[in-house]
Amino acid sequence: MNKVQSLPSRYDPRELSDEELVARAHGELFHVTRAYEELMRRYQRTLFNVCARYLGNERDADDVCQEVMLKVLYGLKNFEGKSKFKTWLYSITYNECITQYRKERRKRRLMDALSLDPLEEASEEKTPAVAEQGGLDRWLVHVNPIDREILVLRFVAELEFQEIADIMHMGLSATKMRYKRALDRLREKFAGATET
């Protein structure tokens, strides 16, 4: 804490590394949020893209992003730096996406049980349709949720395999194996789609 207080009070947060911003946030929060705001600015777009691709719609992704930002705000003072800030951030994101995915699944089951039309309520969530978006989103629907998350963390968040393994609480070799199998499945689907 003395280390942070001895740093000059005036600084440009854009010129600091993630680690320096975390150190600043430890000393500043909750009275000053400049370091925190810069950290969120750096990762906001990728964070949203990860959530949108995992959850399949922008409304839920926006809700999860807000929740993640609050968790980071209140958890940053306790972040010990045992991993990179980026890894810690995506670990929180991954857990929040899973929680949101489960909530939506429970909600759909309840709607089905009550014999209501879940498509009518969900219609605004599903627009635009994943199949119409093209690119990565079009193919992610063909893999299971765990493999989808591995692909999203690798391609969208641009994390290393060890970071993905840490976030998902899996072994490194298991993560690489699932990644390779998911890509093989997508290649097979893609080859079939281009032949027709």
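On a predicted model such as this, the values are computed, not experimentally measured, just so you know.

1. Description of the packing of aromatic side chains
Across all of its chains, the model carries 9 aromatic pairs by this definition. Judged by centre distance (6.3 Å) and plane angle (85 degrees), the rings of Phe-79 and Phe-85 are edge-to-face. Considered together, Phe-79 and Phe-85 belong to a single accessibility category, that of buried residues. A ring pair is formed by Phe-85 and Trp-88, whose centres lie 5.9 Å apart and whose planes are at 50 degrees; its orientation type is tilted. Placement of the pair is Phe-85 and Trp-88 together in helix H5 (residues 85–113), with a separation of 3 residues, close to one helical turn. Across the pair, Trp-88 and Phe-85 agree in class, each one buried. Ring pairs connect the aromatic residues Tyr-43, Phe-79, Phe-85, Trp-88 and Tyr-90, which therefore count as one cluster. Sitting over the face of the ring of Phe-161, Arg-154 holds its NZ or CZ atom 4.1 Å from the ring centroid.

2. Considering the side chain of Thr-93
Within the secondary structure layout, Thr-93 lies in helix H5. Only 2.8 Å separates the side chain of Thr-93 from the backbone oxygen of Leu-89, close enough to count as a polar contact. Excluding residues within four positions of it along the chain, Thr-93 makes contact with Leu-47, Val-50, Cys-51 and Val-68.

3. Some remarks on unusual backbone geometry
The step from Leu-29 to Phe-30 runs through a cis peptide bond, and the omega angle for that step is 10 degrees. You can see Phe-30 is positioned in the loop between helix H2 (18–28) and helix H3 (34–55). Within the chain, Glu-158 stands out as a residue other than glycine whose phi angle is a positive 55 degrees. Along the chain, Glu-158 falls in the loop between helix H9 (145–155) and helix H10 (161–168). For His-169, which is not glycine, the phi dihedral falls at a positive 55 degrees. Among the structural elements, His-169 can be located in the loop between H10 and helix H11 (172–195). Residue class for His-169 comes out exposed when judged on its relative accessible area of 67%.

4. Observations regarding the environment of Phe-85
In this structure Phe-85 comes out as buried when scored by relative accessible area, which is 3%. Residues Phe-85 and Leu-21, spaced 64 residues apart in sequence, show a C-alpha to C-alpha distance of 9.8 Å. Excluding its chain neighbours within four sequence positions, the residues that come into contact with Phe-85 are Asp-18, Val-22, Leu-39, Met-40, Tyr-43, Val-72, Leu-76 and Phe-79.

5. Quick look at H2
Residues of H2 that are buried include every one of Asp-18, Leu-21, Val-22, Arg-24, Ala-25 and Glu-28, and no others. Projected onto a plane normal to the axis of H2, the buried residues spread over an arc of 160 degrees and lie on a single side.

Rules behind the numbers
- Residues numbered from 1 in each chain as written.
- Predicted model: local features only at pLDDT ≥ 70, side-chain atom pairs only at ≥ 80, totals over all residues.
- Heavy atoms only, no water.
- Phe/Tyr/Trp six-rings, centres within 6.5 Å; stacked < 30°, edge-to-face > 60°.
- Buried < 20%, exposed > 50% of the residue type's maximum accessible area, 1.4 Å probe, protein only.
- Helix = DSSP H or I, 4+ residues; strand = E, 2+ residues; numbered from the N terminus.
- Lys NZ or Arg CZ within 6 Å of the ring centre and 35° of its normal.
- Polar contact = N/O pair within 3.5 Å; in protein donor to acceptor, adjacent residues only side chain to side chain.
- Contact = heavy atoms within 4.5 Å.
- Arc of directions from axis to C-beta.

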